[in-house]
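One letter stands for each residue in the lines below.
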Amino acid sequence: MKMAKNDRQELILRLIREHDISTQDELTNLLKSHGMEVTQATCSRDIKELGIIKVILPNNQSKYAVLDKTGDVAPGRLLAVFTNSLLSCRNAMNMVVIKTLPGMAQAAASALDSMHLQYVIGTIAGDDTVFVATGSIEEATALAATILDMAGS
C-alpha cells in the first residue's frame, strides 16, 4: 500500500529503534513486510533526510541508528557540521581523539554531543582537538570506526 512520506518515515524510525538493521535491503524488506510499497532508492533518501547513520558495534558488526534532533537543528545539519570539520579520528585506550580544523573543535564536540551516539560518556574540546570518553577500549574502537564511517573515510 502507498503510504504518506511522513508515515513511512515514522515507521522507518520505529523499525530502526526496534530492530538491528544493517543494510538498506533489510530495511526495504522489513517495510515491505509491513505492507508498504517501497524501493531501495526511497529508503536511501529517507535515511539521508532522517539523519540515520550506521554505527559500528564492538563486535565489528554495524547497524543503523537514529540521530536525535536537538532544538530546531536537523540531524543532517549536525552531521554536516561535524563531518566538515573532521580531519582525523583515532582511539587511544578508552578515549577517542578527534582532530578538527582550527577553531572547530567546540562546534564538532557540540554536534557530537547532540547526536547522542552510543558509547559517548562525554567530550572535552580545545581549539582543534576533541577528547571523547568511552567506557572501554572496545567501545572507543567502535566509536572511532563509527565516526570515520560517518565522515566517509
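Look up: the structure comes first, before these words.
Now for a description of the structure that goes with this document. (Residues numbered from 1 in each chain as written. Predicted model: local features only at pLDDT ≥ 70, side-chain atom pairs only at ≥ 80, totals over all residues. Heavy atoms only, no water.)

**Some points on the overall build of the protein chain**
Using the following cut-off: Helix and strand assignments come from DSSP, with helices taken as H or I runs of at least 4 residues and strands as E runs of at least 2, each series counted from the N terminus. We call two residues in contact whenever any of their non-hydrogen atoms come within 4.5 Å of each other. Calculation of accessible area relied on Shrake-Rupley with a 1.4 Å probe; when residues are assessed, cover is drawn exclusively from the protein chains displayed.
Secondary structure summary: the protein chain contains six helices and six strands in total. Starting at the N terminus, the α and β elements of the protein chain follow one another as α-α-α-β-β-α-β-β-α-β-β-α. Pairs at least 24 residues apart make up 56% of the contacts formed inside the protein chain by residues separated by at least 6 positions. Working note: accessible area of the protein chain is about 8,200 Å², and carbon and sulfur atoms make up 51% of it.

**Observations regarding the pairing of strand 2 (residues 62-66)**
As a reminder, the rule being used: A simple rule labels every residue: compare its accessible area, found with a 1.4 Å probe on the protein chains alone, to the largest value its type can have, and call it buried under 20%, exposed over 50%, or partly exposed in between. Strands pair, by our definition, only if DSSP identifies at least two bridges between them.
Within strand 2, four of the five residues are buried, which leaves it mostly tucked inside the rest of the structure. The antiparallel hairpin formed by strand 1 (residues 52-56) and strand 2 contains five residues in its connecting segment, where Asn 60 sits at a positive phi of about 70 degrees.

**Considering the packing of helix 1 (residues 5-18) against helix 3 (residues 40-50)**
What counts, and what does not: Throughout, an axis means a line fitted to C-alpha atoms (over the contacting stretch in the case of helices), and angles, computed between N-to-C directions, take values from 0 to 180 degrees. In these notes the angle categories are as follows: under 35 degrees is roughly parallel, over 145 is roughly antiparallel, 65 to 115 is roughly perpendicular, and the rest is oblique. Lys, Arg, Asp and Glu make up the charged group, whereas Ala, Val, Leu, Ile, Met, Phe, Trp, Tyr, Cys and Pro make up the nonpolar group; the residues left over, Gly among them, are polar.
Remark: helix 1 packs on helix 3, axes separated minimally by 11 Å, with the N-to-C direction vectors making an angle of 75 degrees. The angle between helix 1 and helix 3 falls in the class roughly perpendicular. Here Lys 5, Arg 8, Gln 9, Ile 12 and Leu 13 of helix 1 lie close against helix 3, whose contacting residues are Thr 42, Asp 46, Glu 49 and Leu 50. Class assignment of the residues belonging to the contact of helix 1 with helix 3 gives a composition of three nonpolar, two polar and four charged.

Keep in mind these numbers describe shape, not what the thing actually does.
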